[in-house]
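In case you want the letters, here they are:
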Amino acid sequence: MAIEYSARVARIPVYPAAAGYALPEDVALLASNESPDPPLPQVVAAVTRVLGGLNRYPDPTNSSLRRALSDRFGIPANRIAVGNGSCDILLATGEALLEPGAELVYGWPSFSVYPQLEAASGATGVRVALNSRHEHDLGAMAAEVTAATRLVIVCNPNNPTSTAVPLADIRAFLEKVPRHVAVLLDEAYREYNLLEDPDDTVDLLKRHANLVLLRTFSKIYGLCGLRVGYALCGDERFVTAVNQVRQPFFCNAAAQAAAIEALKHQDAVAERVERAIFARVELEAGLDDLGIEPAASQANFCWFDLPEDAVEQDVVAGLAERGVLVRAGGALGREGALRVTFGTPHENDRFLAALRATLGL
Ligand SMILES: *Cc1c(COP(=O)(O)O)cnc(C)c1O
């Protein structure tokens, strides 16, 4: 007899993990929107310093990291949540706000973790289609807010489509959403967005206590292997709630030390952004040569529809045979599309050559 699992487990989708971790040889990992740059030596040194003290539990209140984030953003430390990656805070948000009968509104295609919130909680998920430019349709999303809505998630810039909506539209959207509905802006790619200053949304917290800005050290800081993210919140009760539903030690000592050190090197962040923008321009030009027009990227990856006669799975397999791993759109909500992370200049050239060969151009 097999053991029995809860109905909840049957509802929760399995995260579409990237392939490639078991591949022996040199492959271009362009499937997970990671940074091609290794962590800074100062960050590695900070992690190394804490390793001798691993017989102690980490600081459960993350006080030094929250103080560093508070200094950087001018938000009181009691309105900052920390997590084992920002996905930890995201899932805790679902636990804290959702239950059967409640509604969750988000755009689609968007981050593949969002459907897990409704599945885990038994709440009803309302997916709002992106517009023809692969951008969030905030008007349509506001129209879906009902008396049952507890949470609206806006991924900006959006994964997997790379597009961003401007700050003015976010501001207008927040004016429309009732104050008892939490609005979570997932800003994992915020630093790559050239539409405005990355810190502009922080000001919105002053006016909107129902706003949560979700951010991460996984992307621009290149620390996804350690798992650390944070949320800047309009209301300290949100922080208390997401802490209540989690285990006490949700952020390990090495991750806390790395994040604190990484925050001190904003010059390195700026350089990384510059390299990503350079890659964006190069890839857009290379795709244009192949007659492909990607969505307007404000992230560290691009998203495009394949030529009509191309079969998505064949293209992904053809790229993999040539040592380039990317994400198929089908697994992300749109069949016939690809999501490609910007890599090093060499990796980007390799991708373009592999795509040309795979498409027979
Ligand atoms: C990568 C990503 C994250 C970051 O997840 P972590 O748990 O912080 O690694 C969050 N949201 C979106 C949309 C992402 O693409």
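As a convention, each chain's residues are numbered from 1 in the sequence order in which they are written. Reporting in this predicted model follows two pLDDT cut-offs: at least 70 for local features of residues, and 80 or more for side-chain atom pairs to be given and counted; totals over whole chains, interfaces and linings ignore these cut-offs and use all residues. Derived side-chain values reflect all non-hydrogen atoms in the structure, with water molecules and hydrogen atoms excluded from consideration.

**Student:** When you look at the sheet that holds strand β9 (residues 301-305) in this model, what are you seeing that I'm missing?
**Tutor:** The pairing of strands in a sheet happens through backbone hydrogen bonds and is either parallel or antiparallel. Pairing between two strands requires that DSSP report at least two bridges joining them. Secondary structure follows DSSP: runs of H or I at least 4 residues long count as helices, runs of E at least 2 residues long count as strands, and numbering of each begins at the N terminus. A sheet is described by the order of its strands in space; here 3 strands give the open sequence β9-β12-β11, paired in antiparallel fashion. The open sheet terminates on both sides in strands that have one partner only, identified here as β9 and β11 (327-328). Two elements, β9 and strand β12 (residues 337-341), share 5 bridges in a ladder whose sense is antiparallel. Bridge pairing in β12 links Cys302 to Val340. Note on contacts: a residue pair qualifies if any of its non-hydrogen atoms lie within 4.5 Å across the two residues. The convention used is that axes are lines fitted to C-alpha atoms, helices contributing only their stretch in contact, and that angles between N-to-C directions extend from 0 to 180 degrees. Sitting on the sheet, helix α12 (residues 312-321) is in contact with β11 and β12, with an inclination near 30° to β12.

**Student:** Any chance you could explain unusual backbone geometry here in plain terms?
**Tutor:** The bulk of non-glycine residues show a negative phi, and the bulk of peptide bonds are trans. Cis rather than trans, the peptide bond between Trp108 and Pro109 has omega equal to 0°. Residue position: Pro109 is located in the loop between β3 (103-108) and α5 (114-121). Of note, the amide linkage connecting Asn156 to Pro157 takes the cis form, showing an omega dihedral of -5°. Within the secondary structure layout, Pro157 lies in the loop between β5 (149-155) and α7 (167-176). Unlike most non-glycine residues, Asn62 shows phi in positive territory, near 50°. Inspection of the secondary structure puts Asn62 in the loop between α2 (41-51) and α3 (63-73).

**Student:** Would you take a moment to explain the state of the cysteines for this structure?
**Tutor:** Linking two cysteines covalently via their sulfur atoms produces the bond known as a disulfide. Counting rule for disulfides: a pair of cysteine sulfur atoms within 2.5 Å. This structure, assessed with the given rule, holds 0 disulfides. Looking at the unpaired Cys233, the closest cysteine sulfur is the one in Cys251, lying at 15 Å. Note on Cys251: no disulfide assigned, nearest cysteine sulfur contributed by Cys87 at a separation of 14 Å.

**Student:** Mind showing me how you'd approach the sheet that holds strand β4 (residues 124-129) here?
**Tutor:** Spatial strand order, β2-β8-β7-β6-β5-β3-β4: 7 strands in an open sheet with mixed pairing. At either end of the open sheet lies a strand with only one pairing partner, and these are β2 (80-83) and β4. If you compare each strand with its neighbour and ignore which way they point, the axes differ by 20° on average. As paired elements, strand β6 (residues 182-186) and strand β7 (residues 211-216) share 4 bridges and run parallel to each other.

**Student:** What am I meant to see in the pattern of salt bridges here?
**Tutor:** Where charged atoms from two side chains of opposite charge come close, those side chains can pair. Should a side-chain nitrogen of Lys or Arg be within 4 Å of a carboxyl oxygen of Asp or Glu, the pair is scored as a salt bridge. Within this structure, the stated rule accounts for 16 salt bridges. We note a salt bridge from Arg246 to Asp88, for which the minimum N-O separation is 2.7 Å. With a gap of 158 residues between them, Arg246 in the loop between α9 (236-244) and α10 (253-263) and Asp88 in helix α4 (residues 86-97) connect regions that are remote in the sequence. Asp88 sits in the buried class, given a relative accessible area of 19%. Several salt bridges share partner residues, and in doing so they unite Arg72, Glu187, Arg190, Glu196, Asp199 and Arg215 into one network. Partly exposed describes any residue whose relative accessible area lies between the buried limit of under 20% and the exposed limit of over 50%, with all areas from a 1.4 Å probe on protein chains only and scaled to the type maximum.

**Student:** Whenever I open this one, the packing of aromatic side chains confuses me. Can you help?
**Tutor:** Two numbers describe a pair of aromatic rings. These are the distance of the centres and the angle of the planes. A pair of Phe, Tyr and Trp rings is counted when the ring centres sit within 6.5 Å of each other, with Trp represented by its six-membered ring. The angle between the planes then sorts it: under 30 degrees is stacked, over 60 is edge-to-face, the rest tilted. Tallying each qualifying case throughout the model produces 8 aromatic pairs. On the numbers, 5.9 Å between centres and 75° between planes, the contact of Tyr106 with Trp108 is edge-to-face. Of the two residues, Tyr106 and Trp108, both sit in the buried class. Grouped by ring-pair contacts, the aromatic residues Phe73, Phe217, Tyr221 and Tyr230 constitute a single cluster. Any Lys NZ or Arg CZ found within 6 Å of a ring centre and within 35 degrees of that ring's normal is scored as a charge over the ring. Above the plane of the ring of Phe250 lies Arg246, whose end atom (NZ or CZ) is 3.6 Å from the centre. One cation-aromatic arrangement involves Arg339 over Phe301; the distance from NZ or CZ to the ring centre is 5.9 Å.

**Student:** Explain the domain arrangement of the chain to me, please; I cannot follow it from the model alone.
**Tutor:** Note: domain ranges come from an automatic or database domain assignment. Each assigned domain of the chain is listed with its residue range as follows: domain 1 (16-39 + 266-359) and domain 2 (41-262). With 27 residues of domain 1 in contact, the opposing surface of domain 2 contributes 30 residues. A simple way to read buried area is as the amount of 1.4 Å-probe accessible surface that goes missing from two parts once joined, with both sides added. It is Pro39, Gln266 and Gln298 in domain 1 that bury the most area against domain 2; as a group they hold 28% of the surface buried on that side. On the surface where domain 1 and domain 2 come into contact, there are 0 salt bridges. Under the rule applied, a polar contact is a pair of N or O atoms within 3.5 Å (in protein, one hydrogen donor and one hydrogen acceptor; residues adjacent in sequence only if both atoms are side-chain atoms). Our count for the domain 1 to domain 2 interface comes out at 9 residue pairs in polar contact (both at pLDDT 80 or more). Secondary-structure elements contributing two or more residues to the side of domain 1 that touches domain 2 are α11 (266-289) and β9. Examining the composition of the side of domain 1 that touches domain 2, we find that 7 residues originate from one element, α11, more than from any other. When residue character is reported, Ala, Val, Leu, Ile, Met, Phe, Trp, Tyr, Cys and Pro are called nonpolar, Asp, Glu, Lys and Arg charged, and the others, Gly included, polar. Tallied by class, the residues present in the side of domain 1 that touches domain 2 amount to 13 nonpolar, 8 polar and 6 charged.

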